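Listed below are the residues making up each chain.
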Amino acid sequence: MIVLLGSFYFSLKFSSGLIWQEIIQPQIIGSMPQTTFDNTVEKRYYLWPLLWNIVGARPFLGYGLENINVAYANFFAVNNHSLFEVNPNQSSVMYRLRDLQVDSSHSYGLDILLTSGILGFLSWGLLICLMIKSAKPREVLISLIFYLIWSSFQNQSIVNLLYFWLLVGIID
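Procedures and definitions
- Residues numbered from 1 in each chain as written.
- Predicted model: local features only at pLDDT ≥ 70, side-chain atom pairs only at ≥ 80, totals over all residues.
- Heavy atoms only, no water.
- Helix = DSSP H or I, 4+ residues; strand = E, 2+ residues; numbered from the N terminus.
- Expected span 1.5 Å × (residues − 1).
- Buried < 20%, exposed > 50% of the residue type's maximum accessible area, 1.4 Å probe, protein only.
- Arc of directions from axis to C-beta.
- Polar contact = N/O pair within 3.5 Å; in protein donor to acceptor, adjacent residues only side chain to side chain.
- Contact = heavy atoms within 4.5 Å.
- Phe/Tyr/Trp six-rings, centres within 6.5 Å; stacked < 30°, edge-to-face > 60°.
- 1 Å grid on protein atoms, 1.4 Å probe; cavity = no way out; pocket = protein on both sides within 12 Å on 5 of 7 lines; lining within 4 Å.
- Points joined across faces, edges and corners; volume = space filled by probe spheres on them.

Caption draft 1: Broad picture of helix H3 (residues 44-57). Look at H3: 20 Å from first C-alpha to last across 14 residues, which is about the 20 Å you get at 1.5 Å a residue. Within H3, burial applies to Arg-44, Tyr-46, Leu-47, Leu-50, Leu-51, Ile-54 and Val-55. Buried residues in H3, looked at end-on, bunch into an arc of 160 degrees, giving them a common side.

Right under this line is the structure:
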């Protein structure tokens, strides 16, 4: 346990990895007045709150597969007046977010909410709960937990989904 906590501390202290680039740095830069920074609007810190608002527009069934970019563009088309015309002092980050092409949230759970809604997310959650409940070898359970943590911050590809369904098959 001490080794695990020590590893976590050193990864936060001395790394320029995911936590720094996606969560801490955008907060620091976002609090600075009129800075020039490149690509920081593509960070999860800015995207996730907007995507949660988009989920709220169609919460039960979502937008369908491969339609996150359409839902994202429609959000700004519908809310253009309230975001930009009524509030002329809107931050430059919002203007950059408006022009961004988003096809994934970089979080599999949020992607499921966007594409399948609450019904799809609950189905996926039920499958995960059943897998955790019936995972017998401890190594398989640990592998599943690491996969779930990893998929919370990354895009899914066919290789990752094959790994997930392989775990389903091993557990079943």
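Caption draft 2: Focus on the environment of Glu-66. Considering the arrangement of structural elements, one finds Glu-66 in the loop between H3 and helix H4 (68-78). Taking relative accessible area as the criterion, Glu-66 reaches 71% and is therefore assigned exposed. Considering only alpha carbons, one finds Glu-66 and Ser-104, 38 residues apart in sequence, at a separation of 8.6 Å.

Caption draft 3: Here's a closer look at the side chain of Gln-156. With respect to the helices and strands, the residue Gln-156 is situated in the loop between helix H8 (138-151) and helix H9 (158-171). There is a polar contact of 3.3 Å between the side chain of Gln-156 and the side chain of Tyr-147. Gln-156 has contacts with Tyr-108, Tyr-147, Trp-150, Ser-151 and Leu-161, leaving out every residue within four places of it along the chain.

Caption draft 4: Examining the side chain of Ser-143 more closely. In this fold, Ser-143 is placed in helix H8. With residues near it in sequence (within four places) discarded, Ser-143 still touches Tyr-163 and Leu-167.

Caption draft 5: Structural detail: the packing of aromatic side chains. Inspection of the entire model under this criterion finds nine aromatic pairs. Note on Tyr-108 and Trp-124: the rings are 5.6 Å apart at their centroids and 80 degrees apart in plane angle, and the pair reads as edge-to-face. Trp-124 sits in the buried class, given a relative accessible area of 16%. Members of the aromatic cluster, each reached through a chain of ring pairs, are Tyr-147, Trp-150, Tyr-163, Phe-164 and Trp-165.

Caption draft 6: Spotlight on the layout of surface pockets. Estimates place the volume of the largest pocket at around 500 Å³. Listed by contribution, the elements that provide at least two residues to the lining of the largest pocket are H4, helix H7 (108-134) and H9.

Caption draft 7: Structural detail: H9. In a regular helix each residue adds 1.5 Å, so 14 residues correspond to 20 Å; H9 covers 20 Å between its end C-alpha atoms and thus fits that length. Turning to H9, its buried residues number three or more, namely Asn-160, Phe-164, Leu-167, Val-168 and Ile-171. Here the buried residues of H9 occupy an arc of 105 degrees about the axis, which is enough to place them on one side. Relative to its buried face, H9 has exposed residues pointing more than 90 degrees away, namely Ile-158, Val-159, Leu-162, Gly-169 and Ile-170. Where H9 is buried, its residues touch H7 and H8.

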